[in-house]
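Secondary and tertiary structure notes
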Amino acid sequence: ANETSSSPRERAMYRLASCHYELKQFDQAAAASEQFIAAFPKSAFVAPAHLIAGESLFALGRHARAGTQFKTLVDGFASDPARASCLLRLGECLAASNDWKGSGAAFARYLKEFPDSELWFQAQFGVAWALENQNQHEQAIAGYRVITEKHSGPTAARAQFQIGECYFARKRHEDAVRELLKVDILYAYPEWSAAALYEAGRCFEAMAKPDEARAQFAQVQKTYGDSQWAKLAAERLAAIAPPKP
């Protein structure tokens, strides 16, 4: 933004909002940036002010208000360099507000407008996650597989986990177990391995295979004893009747 064409008050108000944000004083940053936008809607600093307001509100968990700020920047400032990241944030805000149709549309828009982005897998996951939360499990599985076939980071591990969860939701327990066990075999991310082994155990319970279920829960306890999943596994082990002698 060009400071030379702005007034001293305009610059001071923007800098105040920016300083609050840099200091992680998000309440003050959100208030100051919204006040700035109201006072100087035509300012050269108004796009970054929307970004400060959106990120501050996002950090505070005020997702609906944050989404409004991100959407304003995305729709009103076509050449702004922050537009791509704001479109991702908009998808996240809509998901946090359980607006799954809107969230999926935002992430799909990102993929269309920024097809060569290094963060494509985040948007692809958002599309699939929105479909899963609308109970469109087959479409969600196809979306998650795009990630597992082309990406290898933690998002891929979670995508593989969600494939298993989609099959679990459809009561296709054998398919769910197969996909869940791949998480532990293919990816070195303990959080998702522990979750997947635990869910595989629940699948075996649903199939009335208590021995196999116990084996999965025991593996969670043994390998991921410090995780939340180990506590849940212990509860399931206590609930499952022991094998007959």
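This one's a predicted model, so the numbers in the text were calculated from it and none came from an experiment.

How each quantity is defined
Positions within a chain are numbered from 1, following the residues in the order the chain's sequence is written. For this predicted model, a pLDDT threshold of at least 70 governs which residues receive local features, and a threshold of 80 or more governs which side-chain atom pairs are given and counted, while totals over whole chains, interfaces and linings are taken from all residues. Side-chain metrics rest on all non-hydrogen atoms present in the structure, leaving aside hydrogens and water. Here a strand is any run of E in DSSP of at least two residues, a helix any run of H or I of at least four, and the numbering for each starts at the N terminus. Each residue after the first adds 1.5 Å to the expected span of a helix. Each residue gets one of three labels from its accessible area relative to the maximum for its type: buried under 20%, exposed over 50%, partly exposed in between, using a 1.4 Å probe on protein chains only. Any two residues having at least one pair of non-hydrogen atoms within 4.5 Å are treated as being in contact. Each aromatic pair joins two rings of Phe, Tyr and Trp (for Trp, the six-membered one) with centres within 6.5 Å, and gets the label stacked for planes under 30 degrees apart, edge-to-face for over 60, and tilted for any other angle. We call a charge positioned over a ring when the NZ of a Lys or the CZ of an Arg lies within 6 Å of the ring centre and within 35 degrees of the ring normal. When a carboxyl oxygen of Asp or Glu lies within 4 Å of a side-chain nitrogen of Lys or Arg, that pair is called a salt bridge.

So, about helix H3 (residues 46-59). Compared with the 20 Å implied by 1.5 Å per residue over 14 residues, the 20 Å span of H3 between its first and last C-alpha is a close match. Within H3, 11 of the 14 residues are buried, which leaves the element mostly enclosed by the surrounding structure. Within H3, the full set of buried residues consists of Val-46, Ala-47, Ala-49, His-50, Ile-52, Ala-53, Gly-54, Glu-55, Ser-56, Leu-57 and Phe-58. Tucked into the core, H3 has its buried residues touching helix H1 (8-22), helix H2 (26-39), helix H4 (63-76) and helix H5 (83-96). Of the residues one or two after H3, Gly-61 is the one with positive phi, at around 80 degrees.

Looking now at the packing of aromatic side chains. For the structure on display, the rule yields 12 aromatic pairs. For the pair Phe-125 and Trp-129, a centre-to-centre distance of 6.1 Å together with 20 degrees between the ring planes defines the contact as stacked. Taken as a pair, Phe-125 and Trp-129 lie in helix H7 (residues 120-133) at a separation of 4 residues, close to a single helical turn. Under the relative-accessibility criterion, Phe-125 is labelled buried at 8%. Residue Trp-129 is classed as partly exposed on the basis of its relative accessible area, which comes to 24%. Taken together, a centroid distance of 5.5 Å and an interplanar angle of 40 degrees make the contact between Tyr-198 and Trp-229 tilted. Remark: Trp-229 occurs in helix H13 (residues 228-239) and Tyr-198 occurs in helix H11 (residues 190-206); sequence separation between them is 31 residues. The ring of Phe-58 carries the charged tip of Arg-89 above its face, separated from the ring centre by 4.0 Å.

Our focus in this paragraph is the environment of Ala-96. Counting through the fold element by element, Ala-96 comes out in helix H5. We classify Ala-96 as partly exposed; its relative accessible area is 41%. Separated by 34 residues in sequence, Ala-96 and Arg-62 have C-alpha atoms that sit 9.4 Å apart.

A separate point is the pattern of salt bridges. The full count for this structure, using the stated rule, is 18 salt bridges. Between Arg-83 and Glu-113 there is a salt bridge; the shortest N-O distance is 2.8 Å. Of this pair, Arg-83 sits in helix H5 while Glu-113 sits in helix H6 (residues 100-113), placing them 30 residues apart in sequence. Note on Arg-83: relative accessible area 10%, which makes it buried.

With respect to the helices and strands, the residue Ala-53 is situated in helix H3. Along the primary structure Ala-53 and Leu-232 are separated by 179 residues, whereas in three dimensions their C-alpha atoms are 39 Å apart. Not counting chain neighbours up to four residues away, the residues in contact with Ala-53 comprise Ser-33, Glu-34 and Gln-69.

It is worth spelling out the side chain of Ser-103 at this point. Here Ser-103 is to be found in helix H6. For Ser-103, a relative accessible area of 1% gives the class buried. Not counting residues within four places of it along the chain, the set of residues in contact with Ser-103 comprises Gly-91, Leu-94 and Ala-95.

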